Amino acid sequence: MPGIIGRKIGMTSTYSAEGKIIPCTVIEAGPCVVTQVKTHDRDGYEAIQMGFGDRKEKNTSNAMKGHFNKAKTSPKAKLFEFRNFQNLNIGDIVNVGIFEEGEYVSVIGKSKGKGFQGVVKRHNFGGVGQNTHGQHNRNRAPGSIGAGSTPSRVFKGMRMA
């Protein structure tokens, strides 16, 4: 199964043949450089390691500089391994030409971690009331979270920080 490394640039939309708007993610995919070829004899499995995105040389360790010098490339920011690639050697460049138009692809990504967030950011709550006329520090608070007397508990799944 071929693969390529990329990064999300943003979002846009296109129109279908029926005139419906289709949301699209814009991805900068490649060019990726083959930095290492792993073999069954030496590493115990077969794979290739590809690098994507440039990195400053001063922020790269000497061990990694030597690793990239073997591939005759500049230091790369991201390194990933892909299995089931054939006929690739160290230093080869892989780009989106490995895919054909209309081919389905599986995309794997990482979401940005935002840590412990309040309800305004996490659940798009609107905030409470005005910012003046004696307003204290409750503008971004969630407000009431349950009924007054019955059922004497807070329901599961209550949207909170």
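Being a predicted model, the structure only gives us computed values, none of them experimental. (Residues numbered from 1 in each chain as written. Predicted model: local features only at pLDDT ≥ 70, side-chain atom pairs only at ≥ 80, totals over all residues. Heavy atoms only, no water.)

Visitor: Looking at this structure, how should I read the overall build of the chain?
Guide: What the chain contains, in helices and strands, is 3 helices and 6 strands. Based on the C-alpha atoms only, the size of the chain along its principal axes is roughly 70 × 50 × 35 Å. Per-residue burial over the chain gives 19% buried out of 161 residues. Counting only contacts in the chain whose residues sit at least 6 apart along the sequence, the fraction spanning at least 24 positions is 49%. Accessible area for the chain stands at about 12,800 Å²; split by element, carbon and sulfur atoms hold 50% of it. Averaging the coordinates of the 24 positive side-chain charges in the chain and doing the same for the 12 negative ones gives two points 19 Å apart. (Helix = DSSP H or I, 4+ residues; strand = E, 2+ residues; numbered from the N terminus. Buried < 20%, exposed > 50% of the residue type's maximum accessible area, 1.4 Å probe, protein only. Contact = heavy atoms within 4.5 Å. Areas by Shrake-Rupley, 256 points an atom, 1.4 Å probe, with all protein chains shown as cover. Lys, Arg positive; Asp, Glu negative; His and termini not counted. Charge placed at Lys NZ, Arg CZ, Asp CG, Glu CD.)

Visitor: Any chance you could explain the sheet that holds strand S4 (residues 47-54) here in plain terms?
Guide: Where strands meet in a sheet, backbone hydrogen bonds hold them as pairs that are either parallel or antiparallel. Across the sheet, 4 strands lie side by side as S5-S4-S3-S6; this open sheet has antiparallel pairing. In this open sheet, the two edge strands, each paired with only one partner strand, are strand S5 (76-82) and strand S6 (93-94). Across 5 bridges, the pairing between strand S3 (residues 32-38) and S4 is antiparallel. Note that in S4 the partner of Gln36 across the bridge is Gln49. (Pairing = 2+ DSSP bridges.)

Visitor: Is there a simple way to think about the side chain of Thr60 in this case?
Guide: You can see Thr60 is positioned in the loop between S4 and helix H2 (62-70). Within the structure, the side chain of Thr60 is placed 3.0 Å from the backbone oxygen of Lys56, a separation counted as a polar contact. (Polar contact = N/O pair within 3.5 Å; in protein donor to acceptor, adjacent residues only side chain to side chain.)

Visitor: Looking at this structure, I do not really get the pattern of salt bridges. What am I missing?
Guide: Any two side chains of opposite charge can pair, given that their charged atoms come close. Taken as a whole and assessed by the stated rule, the structure comprises 4 salt bridges. Taking the shortest distance from any N to any O, the salt bridge between Glu28 and Arg7 comes out at 3.0 Å. One end of the pair, Glu28, is in strand S2 (residues 21-29); the other, Arg7, is in strand S1 (residues 6-15), with 21 residues separating them in the sequence. Here Arg7 falls in the partly exposed class, since its relative accessible area comes to 47%. (Salt bridge = Lys/Arg side-chain N within 4 Å of Asp/Glu carboxyl O.)

Visitor: Can you help me understand a nonpolar patch on the surface in this one?
Guide: Taken together, the side chains of Ile27, Val105 and Val107 define a hydrophobic patch exposed on the protein surface, amounting to about 280 Å² of accessible area. Assessed through its relative accessible area of 62%, Val107 is described here as exposed. (Patch = residues over 30% accessible without salt bridge, like charges linked within 9 Å, V, L, I, M, F, W, Y side chains within 5 Å.)

Visitor: It is not clear to me how the nonpolar core should be interpreted in this structure. Could you clarify?
Guide: Across soluble globular proteins, you tend to see nonpolar side chains buried next to one another. Grouped together as the largest cluster of nonpolar side chains are 10 residues: Ile4, Ile5, Cys32, Val34, Ile48, Met50, Phe52, Phe82, Phe85 and Val94. Among the secondary structure elements, those contributing two or more residues to this core are S3 and S4. Examining the composition of this core, we find that 3 residues originate from one element, S4, more than from any other. Contacts of Val34, omitting those with residues within four sequence positions, involve Ile48, Gln49, Met50, Ala71, Leu88, Asn89, Ile90, Gly91, Asp92 and Val94. (Core = buried A, V, L, I, M, F, W, Y, C linked by side-chain atoms within 4.5 Å.)

Visitor: Looking at this model, I keep getting lost on unusual backbone geometry. Mind explaining?
Guide: Phi is mostly negative for residues that are not glycine, and the peptide bonds are mostly trans. With an omega of 15°, the peptide bond between Thr150 and Pro151 qualifies as cis. Inspection of the secondary structure puts Pro151 in the segment after helix H3 (119-123). The backbone of Lys72 shows a phi angle near 55°, a positive value even though the residue is not glycine. Here Lys72 lies in the loop between H2 and S5. Backbone geometry places Asn124, a non-glycine residue, at a positive phi of 60°. Mapped onto the elements, Asn124 comes out in the segment after H3.

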